[in-house]
Amino acid sequence: MSSNNTGPQHTTAHHVLSTETFTCIRCGLTVPALAPDGPRRNHCPSCLHSRHVLDHVEGGASTCGSRMSPISIAVLRTGDWMLIHRCVGCDELTSNPVCRDDNQLILMRMAVRPLAEPPFPLEAFGSL
Ligand SMILES: [Zn+2]
Ligand SMILES: [Zn+2]
């Protein structure tokens, strides 16, 4: 037992407002519950997966607990990007604000997917 508190201590060097974290259900990353720019986050910044713990229809806690996959990007009138998740367990759709440190590669891939795979032939544009 030591009372010396001036020496180096083996604690984490993170300066987060909240010590609350959650473990990503897909990649196992430990994620701070608060994003760097403030808002509370519910998805992993690395793989963007989430977990179905809130019931967005009832407004309370959900007993589902299944993995929620990022399926799409929605852009609000304000220009803010929203991440659309679908629960693999119960198919519920949710939308959550994109955080500044979210994986931009995955975000861009989802954003351009409709352009890369249009439901109509693009050849029509070439003959105009
Ligand atoms: Zn993850
Ligand atoms: Zn669910």
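Computed from a predicted structure; not experimentally measured.

Chemist: Teacher, can you tell me more about the coordination of the zinc ion (ligand 1) here?
Modeler: Geometry sets the ideal angles at a metal, namely 109.5 degrees for four tetrahedral donors and 90 or 180 degrees for six octahedral donors. Within the protein, the zinc ion (ligand 1) binds to Cys24 (SG), Cys27 (SG), Cys44 (SG) and Cys47 (SG); these donor distances fall in the range 2.2 to 2.3 Å. For the zinc ion (ligand 1), all donor residues lie on one chain, and their spacing in sequence is C-x2-C-x16-C-x2-C. By relative accessible area, which is 0% here, Cys44 ends up buried. The exposure class assigned to Cys47 is buried, which follows from its relative accessible area of 7%.

Chemist: Where do I start with helix H1 (residues 104-116) in this structure?
Modeler: Within an α-helix, residues lying three or four positions from one another point in the same direction, as the helix has 3.6 residues per turn. Taking 1.5 Å per residue, 13 residues should reach 18 Å; H1 reaches 17 Å between its end C-alpha atoms and fits that length. The axis of H1 is deflected most strongly, by about 25°, at Met110, and proline Pro114 appears within four residues downstream. When we look at burial in H1, the residues that qualify are Ile106, Leu107 and Met110. Against strand E4 (67-75) and strand E5 (81-87) lie the buried residues of H1.

Chemist: Quick question: what am I supposed to make of the sheet that holds strand E6 (residues 93-97) here?
Modeler: For sheets, the rule is that strands pair by backbone hydrogen bonds, running either parallel or antiparallel. Spatial strand order, E3-E4-E5-E6: four strands in an open sheet with antiparallel pairing. For this open sheet the edge positions go to strand E3 (50-51) and E6, each flanked by a neighbour on one side alone. Sheet analysis places E3 next to E4, joined by two bridges and oriented antiparallel. Looking across to E4, one finds that Arg51 is bridged to Arg67.

Chemist: Can you help me understand the coordination of the zinc ion (ligand 2) in this one?
Modeler: Note on the zinc ion (ligand 2): its protein donors are His52 (ND1), Cys64 (SG), Cys87 (SG) and Cys90 (SG). The metal-donor distances range over 1.9 to 2.4 Å. Mapped onto the sequence, the donors of the zinc ion (ligand 2) take the spacing H-x11-C-x22-C-x2-C. Note on Cys90: relative accessible area 40%, which makes it partly exposed.

Chemist: Please explain the nonpolar core as it appears in this structure.
Modeler: Across soluble globular proteins, you tend to see nonpolar side chains buried next to one another. By size, the foremost hydrophobic cluster in this structure holds six residues: Leu48, Ile73, Leu83, Ile106, Leu107 and Met110. For this core, the element with the most residues is H1, which contributes three residues.

Chemist: Is there a simple way to think about a nonpolar patch on the surface in this case?
Modeler: A contiguous nonpolar surface patch, about 470 Å² in accessible area, is contributed by Val75, Trp81, Met108, Val112 and Leu115. Residue contributions to the nonpolar patch peak at three residues, all from H1. The partly exposed category is assigned to Met108, whose relative accessible area is 45%.

Chemist: Any chance you could explain the pattern of salt bridges here in plain terms?
Modeler: For the structure shown, the criterion picks out two salt bridges. A salt bridge links Asp101 to Arg41, with the shortest nitrogen-to-oxygen separation between them at 3.0 Å. With Asp101 in the loop between E6 and H1 and Arg41 in the loop between strand E2 (30-32) and E3, this residue pair connects regions lying 60 residues apart in the sequence. The class for Asp101 is partly exposed, based on a relative accessible area of 35%. Overall, Arg41 belongs to the buried group, its relative accessible area being 5%. The shortest N-O distance in the salt bridge between Arg41 and Asp102 comes to 2.7 Å. With Arg41 in the loop between E2 and E3 and Asp102 in the loop between E6 and H1, the pair connects residues that are 61 residues apart, well separated along the chain.

About the cut-offs
- Residues numbered from 1 in each chain as written.
- Chains lettered and ligands numbered in written order.
- Predicted model: local features only at pLDDT ≥ 70, side-chain atom pairs only at ≥ 80, totals over all residues.
- Heavy atoms only, no water.
- Donors = N, O, S within 2.8 Å, 3.2 Å for Na, K, Ca; no water.
- Buried < 20%, exposed > 50% of the residue type's maximum accessible area, 1.4 Å probe, protein only.
- Helix = DSSP H or I, 4+ residues; strand = E, 2+ residues; numbered from the N terminus.
- Expected span 1.5 Å × (residues − 1).
- Bend = angle between axes of the 7 residues up to and from the residue.
- Contact = heavy atoms within 4.5 Å.
- Pairing = 2+ DSSP bridges.
- Core = buried A, V, L, I, M, F, W, Y, C linked by side-chain atoms within 4.5 Å.
- Patch = residues over 30% accessible without salt bridge, like charges linked within 9 Å, V, L, I, M, F, W, Y side chains within 5 Å.
- Areas by Shrake-Rupley, 256 points an atom, 1.4 Å probe, with all protein chains shown as cover.
- Salt bridge = Lys/Arg side-chain N within 4 Å of Asp/Glu carboxyl O.

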